[in-house]
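Topology and contacts: notes
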Amino acid sequence: MKLNKKVIESMTVTSAMLVMTTITALGGSTEDGTGDKTESVALNKNGKAGIICELQNLEAKIFETGNLQVASIEKTQKDIVGKSSQGVLDDESLPGGTAGFQDFAAEAALQSIQEDAEASEDAKVTEDVNAAETEGAENVQMAAQEQTEQPPEAGEWNNRVMANVEEDMNIRSAPDETAELAGKFYRGDVAEIVSVDGEWTQIASGNVTGYVKNDYLVYGLEANELANEVCSIYATVNTDGLRLRSEPSEEAEIVTTANVGDKLKVDKEAEETDGWIAVHTSDATAYVSAEYVGVELNLGTALNSEEVAAKEAKEAEEKAAESAKKPAVSASTDDVTLLGALIQCEAGSGSYEGMVAVGAVVMNRVRSGSYPGSISGVIYQGGQFPPALNGSVARVIANGVRSACLQAASEAIGGTDNTNGALSFRSAASGYGGTVIGANVFF
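What counts and how
- Residues numbered from 1 in each chain as written.
- Predicted model: local features only at pLDDT ≥ 70, side-chain atom pairs only at ≥ 80, totals over all residues.
- Heavy atoms only, no water.
- Helix = DSSP H or I, 4+ residues; strand = E, 2+ residues; numbered from the N terminus.
- Buried < 20%, exposed > 50% of the residue type's maximum accessible area, 1.4 Å probe, protein only.
- Contact = heavy atoms within 4.5 Å.
- Areas by Shrake-Rupley, 256 points an atom, 1.4 Å probe, with all protein chains shown as cover.
- Pairing = 2+ DSSP bridges.
- Salt bridge = Lys/Arg side-chain N within 4 Å of Asp/Glu carboxyl O.
- Phe/Tyr/Trp six-rings, centres within 6.5 Å; stacked < 30°, edge-to-face > 60°.
- Axes fitted to C-alpha atoms, helices over the stretch in contact; angles between N-to-C directions.
- Parallel < 35°, antiparallel > 145°, perpendicular 65-115°, else oblique.
- Left-handed = near helix turned anticlockwise from the far one by under 90°.
- Nonpolar A, V, L, I, M, F, W, Y, C, P; charged D, E, K, R; others polar.
- Expected span 1.5 Å × (residues − 1).
- Polar contact = N/O pair within 3.5 Å; in protein donor to acceptor, adjacent residues only side chain to side chain.

1. Things to note about the overall build of the protein chain
Each helix and strand counted, the protein chain has 13 helices and 20 strands in total. In the protein chain, buried positions account for 37% of the 443 residues. Summarising the internal contacts of the protein chain: among those between residues at least 6 apart in sequence, 64% fall at separations of at least 24. Of the roughly 24800 Å² that the protein chain leaves accessible, carbon and sulfur atoms contribute 48%.

This is the structure we're talking about:
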């Protein structure tokens, strides 16, 4: 407790008065005066004890009345005695009567005790505030840590859903099973959540917005897990001449090459190797440097009613074409590589359909009976394919055949023919009649 100057002075005067009274009672020395003369006393050791005794009695009454803490008595006495030992109470004049000073002393003591209580309360409030601030800071830190520990996909997938179905599910124009069909949500499709209405979730995906049953959806990170399980992952090439190697090493054999924009399907079953991405080729797994590809999930989107109709019509056509597909020809890896190299030389800068068409011409000749009965025999037949005769095909094989060309070769060997049985082709600018596919005309 700290007493301000006025309180100390007041209590000093009061204490002096109490000393005078106490010493008088004990037979001490005083100087009597008459009229306006005041009584004075020099404070000695016995006087200090008297002050303490009187103050203790006085404060005890105050505490009994106000239910205050008794711990303040001793401190108040020490403050007064400390001041008296410095001579503050010596030779003080005492105007007024003893009773008045005793009242004032009581008031001063009460004020001091109240200040102690206020200081204690302030300290308690400060302590509580500091504790709250510390707890708040810890909570913020914990929240930040939890956010940091979340996978990068967490925020991206917070408002996403996936269709947890084997094939597809209907999207309705209203949250009712009898509502008009708005489209279809297929396995592997992702959608954004618009709202959740009881048993239905309104989604937006592709060109359709509508309602689907909650029972067939997975949300957030669970949707992300499903996407990684059921969706293909593709590595998009960002440089020309990227080498695909047989092992995850720069010293490994070159299987083929890829160029900017090529999409290579990632082999999710292959063992992960730092710095390398395992991708599928026509007949094996190859590896590309992760530095030169961008990897992403091949997420689908829902289709509206018109798109569903077009998709189903296309599937019907493909099914019909598959049933009319020519029988596959047995071929070795070398045959696939050879045909892929020829395709790269003849149509490598064009469309994929054009690549398949060149391969189909070779395979139509193999099956015709009018040409050699093997892929190598047809390709190296005199006067037929200049790239095979001038060494271009051999050079492509040495440097690695592009994956797209190998895939086109595999399709042609498997029986795909988009040329209507053509046995020859020329540049589309040649004027020959036939079916134009890519940069060539097939006849």
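2. Some thoughts on the environment of S332
Mapped onto the fold, S332 is located in the loop between helix 7 (305-323) and helix 8 (333-347). Overall, S332 belongs to the partly exposed group, its relative accessible area being 38%.

3. Observations regarding the pairing of strand 3 (residues 160-163)
What you see with strand 3 is no split at all: R160 and M162 on one side and V161 and A163 on the other are buried throughout. Note: strand 3 against strand 6 (residues 190-197), 3 bridges, orientation antiparallel. Each residue of the ladder has a partner; that of M162, found in strand 6, is V190. As judged from the 3 bridges shared by strand 3 and strand 9 (residues 217-219), these two strands associate in the antiparallel manner. Paired with V161 across the bridge in strand 9 is Y219.

4. Details of the pattern of salt bridges
All chains considered together, the criterion is met by 7 salt bridges. For E312, the salt bridge is made with K184, and the minimal N-O distance between the two is 3.7 Å. In this pair, E312 sits in helix 7 while K184 sits in strand 5 (residues 181-186), placing the two residues 128 residues apart along the sequence. Take E312: its relative accessible area is 40%, and that puts it in the partly exposed class.

5. Considerations on the packing of aromatic side chains
For the structure shown, the criterion picks out 3 aromatic pairs. Each ring, one from F385 and one from F425, has its centre 6.3 Å from the other, and the planes form 35°; the classification is tilted. Of the two residues, F385 is situated in the loop between helix 10 (375-379) and helix 11 (386-389) and F425 in strand 18 (residues 425-427); the sequence distance between them amounts to 40 residues. An identical accessibility class is assigned to F385 and F425; each is buried.

6. Re the packing of helix 8 against helix 12 (residues 392-399)
At a closest axis distance of 9 Å, the pairing of helix 8 and helix 12 adopts a crossing angle of 115°. By the angle between their directions, the pair helix 8 and helix 12 is classed as roughly perpendicular. For helix 8 against helix 12, the interelement crossing comes out right-handed. Facing T337, L338, A341, L342, Q344 and C345 of helix 8, the residues of helix 12 in contact are S392, V393, V396 and I397. Within the contact of helix 8 with helix 12, the residues separate by chemical class into 7 nonpolar, 3 polar and no charged.

7. Digging into the sheet that holds strand 18
The strand order 18-20-19 describes an open sheet built from 3 strands, whose pairing is antiparallel. In this open sheet, the two strands that pair with only one neighbour each are strand 18 and strand 19 (435-437). With strand direction ignored, the average angle separating the axes of adjacent strands in the sheet is 30°. Taken together, the 3 bridges between strand 18 and strand 20 (residues 440-442) define a ladder with antiparallel strand orientation. Residue S427 lies in a different strand from strand 20, and its bridge partner there is N440. Contacting strand 18, strand 19 and strand 20, helix 9 (residues 352-368) runs over the sheet at an angle of about 40° to strand 20.

8. Side note on the pairing of strand 15 (residues 285-289)
When you tally the buried positions in strand 15, you get 4 out of 5 residues, the bulk of the element. Of the pairings in the sheet, the one linking strand 14 (residues 276-280) to strand 15 comprises 5 bridges and is antiparallel in character. For W276, the partnering residue across the bridge sits in strand 15 and is S289.

9. Regarding helix 9
Spanning 17 residues, helix 9 covers 24 Å between terminal C-alpha atoms, matching the ideal 24 Å at 1.5 Å per step. For helix 9, the buried fraction is high: 13 of the 17 residues fall into the buried class. G369 lies just past helix 9 and shows a positive phi near 90°.

10. Points about the side chain of T419
Here T419 is to be found in the loop between helix 13 (403-413) and strand 18. Of the polar contacts made by the side chain of T419, one reaches the backbone nitrogen of A422; its length is 3.1 Å. Apart from residues no more than four positions distant in its own chain, T419 is found in contact with A357, A360, N364, I437 and F442.

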